[in-house]
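# Inside the fold
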Amino acid sequence: MKPFPPPAVSEAAERGRLVAGVAWALLAVTIWGGWFVVTRRAVGAGGVLGPADLVALRFGIGGIVLAPVLLRLGHLTRAQRVDAVWLVVGQGAPFALLISTGLRFVHAGHGAALTPGTMPLLAALFGMVFLRDRPGRVALAGLVLILAGAVTLAGAFQNAEELFGYAMFLSAATLWAIGTVRMRRSTLRPIEATALICCASFVLYLPPYFALGLSKLAEAPAAELVLQLVYQGVLASIVALLAFNRSLALIGRRTPAFTALVPVIATLLAIPVLGEIPSLPTALAVAAIACGVLLTTRG
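Now for a look at the structure at hand. (Residues numbered from 1 in each chain as written. Predicted model: local features only at pLDDT ≥ 70, side-chain atom pairs only at ≥ 80, totals over all residues. Heavy atoms only, no water.)

## Let's talk about the overall build of the protein chain
Quick reminder of the rule: The secondary structure listing takes helices from DSSP runs of H or I that are at least 4 residues long and strands from runs of E that are at least 2 residues long, numbered from the N terminus. The contact criterion used is simple: two residues touch if any of their non-hydrogen atoms lie within 4.5 Å. Computed with a 1.4 Å probe, the accessible areas rest on the Shrake-Rupley method; for each residue, only the protein chains presented here act as cover.
In terms of regular secondary structure, the protein chain is built from 11 helices and zero strands. Taken along its principal axes, the extent of the C-alpha atoms in the protein chain is 70 × 50 × 30 Å. Excluding contacts between residues fewer than 6 apart, the proportion of contacts in the protein chain whose partners are at least 24 apart in sequence is 88%. Accessible surface, the protein chain as shown: approximately 13,800 Å² in total, 70% of it carbon and sulfur.

Structure below.
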């Protein structure tokens, strides 16, 4: 009979899982923070590409690259098929289209605040309802800070177009939170979930995109097209999703809280790329979100 390992070994293993989970989460949110800026650059004033084009690039490339993974996947159980549907809706083409459309009317920093800023709140709420997951007091305090920072950073809408954009972001955040909760209890591995999301979005989105004549890819400058191909098709659709789902597998409910760092990253990147200088209230909101993330991941 083998002796039980000393507690220090178990504690070290747990610390290793935490460090790895945090690292994967940080990689994902860094890519997503840049995604808001890169997408706003494309679909905002003066941009040639539209939201439909960016979604096509995101899942067109991702679907092709990950098709071999899907072909090796084999038979899915009924529960896994249901998981796949929720994940495709929550993290696939519908989610990306909502965000890209909203960024036509709202600044990158505001969009990044309202969507990722509310994701951990909604994920925590759904986790409490469906998984009976009760965050501790420290985590709850962090969620309150995240909410306060996100609301402040988003600011009040000024016209009907901004209100429409905010509605798109909140809808996307709700879909993502549902998909996140579903992934936490799914038996699908992160690479399998990512392949299902990208390939299903490819099959369901690309045919109507071309059939309806929505493509403006031929009108875009070559440099812009390459930038969007790499960012939308590889980093956002594959690398970030893999990293996020891997983090979920390692540290569970702590992962969604890291999405609140996306507005921090997007706000900082928007300064040199889009010329959007944050005001003092914005800077304070960014600090509140960062503190909220720290408290939530510790609690």
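## Things to note about helix α9 (residues 222-251)
Applied cut-off: An expected span of 1.5 Å times one less than the residue number is assigned to each helix. The term bend refers to the angle at a residue between two fitted axes, each drawn through seven residues, those ending there and those starting there.
In a regular helix each residue adds 1.5 Å, so 30 residues correspond to 44 Å; α9 covers 41 Å between its end C-alpha atoms and thus fits that length. Taking the largest bend as the criterion, α9 deviates by roughly 40°, centred on L235. One or two steps after α9, the chain reaches G252, where phi turns positive at roughly 60°.

## Topic: the nonpolar core
Note the cut-off: Among buried residues, the Ala, Val, Leu, Ile, Met, Phe, Trp, Tyr and Cys ones that are joined through side-chain atoms within 4.5 Å form a nonpolar core. Exposure is judged per residue with a 1.4 Å probe applied to protein chains only, and the accessible area is read against the type maximum: over 50% gives exposed, under 20% gives buried, and values in between give partly exposed.
Among the nonpolar cores identified, the biggest contains 82 residues, and W32, F36, I99 and Y205 are the most heavily contacted of them. Looking at this core element by element, the count peaks at 11 residues for helix α1 (residues 7-43). Discounting residues that sit within four places of it in the chain, Y205 has contacts with A52, V55, A56, A93 and L97.

## Concerning helix α2 (residues 51-71)
Taking 1.5 Å of rise per residue, the 21 residues of α2 would be expected to cover 30 Å, and the 29 Å separating its terminal C-alpha atoms lies within 8% of that figure. Most pronounced at V65, the bend in α2 amounts to some 45°, and the proline P68 follows within four residues.

## Some points on a nonpolar patch on the surface
Going by this rule: Think of a patch as exposed residues, more than 30% relative accessible area, with no salt bridge, where like charges cluster within 9 Å and nonpolar side chains (Val, Leu, Ile, Met, Phe, Trp, Tyr) cluster within 5 Å. A side-chain nitrogen of Lys or Arg and a carboxyl oxygen of Asp or Glu constitute a salt bridge if their distance falls within 4 Å.
Taken together, the side chains of I64, F202, V203 and L204 define a hydrophobic patch exposed on the protein surface, amounting to about 410 Å² of accessible area. It is helix α8 (residues 190-211) that provides the largest number of residues to the nonpolar patch, a total of three residues. Take L204: it is sitting in helix α8. Classification of L204 by relative accessible area gives exposed; the value is 62%.

## Looking at the packing of aromatic side chains
Let me state the cut-off plainly: Pairing of aromatic side chains requires ring centres within 6.5 Å, counting the rings of Phe and Tyr and the six-membered ring of Trp. Pairs whose planes differ by under 30 degrees are stacked, by over 60 edge-to-face, and all others tilted. In this analysis the charged atom, NZ for Lys or CZ for Arg, is taken to sit over a ring once it is within 6 Å of the ring centre and within 35 degrees of the ring normal.
Under the criterion given, the structure shown has eight aromatic pairs. Plain terms: the ring middles of F105 and F164 are 5.6 Å apart, the flat faces sit at 80° to each other, and that makes the pair edge-to-face. With a gap of 59 residues between them, F105 in the loop between α4 (93-102) and α5 (108-130) and F164 in helix α7 (residues 160-184) connect regions that are remote in the sequence. On the accessibility criterion, F105 (27% relative accessible area) is partly exposed. Here the aromatic rings of Y205 and Y209 are separated by 5.8 Å at their centres, their planes lie at 20°, and the arrangement is stacked. Taken together, the residues span about one helical turn, with Y205 and Y209 both in helix α8 at a distance of four residues. Following the ring pairs from residue to residue traces out a cluster consisting of W32, F95, W176 and F244. Above the plane of the ring of W35 lies R58, whose end atom (NZ or CZ) is 4.9 Å from the centre.

## Some details on the pattern of salt bridges
Per the counting criterion, the structure on display carries two salt bridges. Across the pair R189 and E192 runs a salt bridge whose closest N-O atoms are separated by 3.2 Å. Judged by relative accessible area, which is 13%, E192 ranks as buried.

## Description of the environment of R253
The topology assignment puts R253 in the loop between α9 and α10 (262-274). Using a relative accessible area of 27% as the deciding quantity, one classes R253 as partly exposed. For the pair R253 and A124, spaced 129 residues apart in sequence, the C-alpha separation works out to 7.6 Å.

Read these as geometric descriptors, not functional statements.
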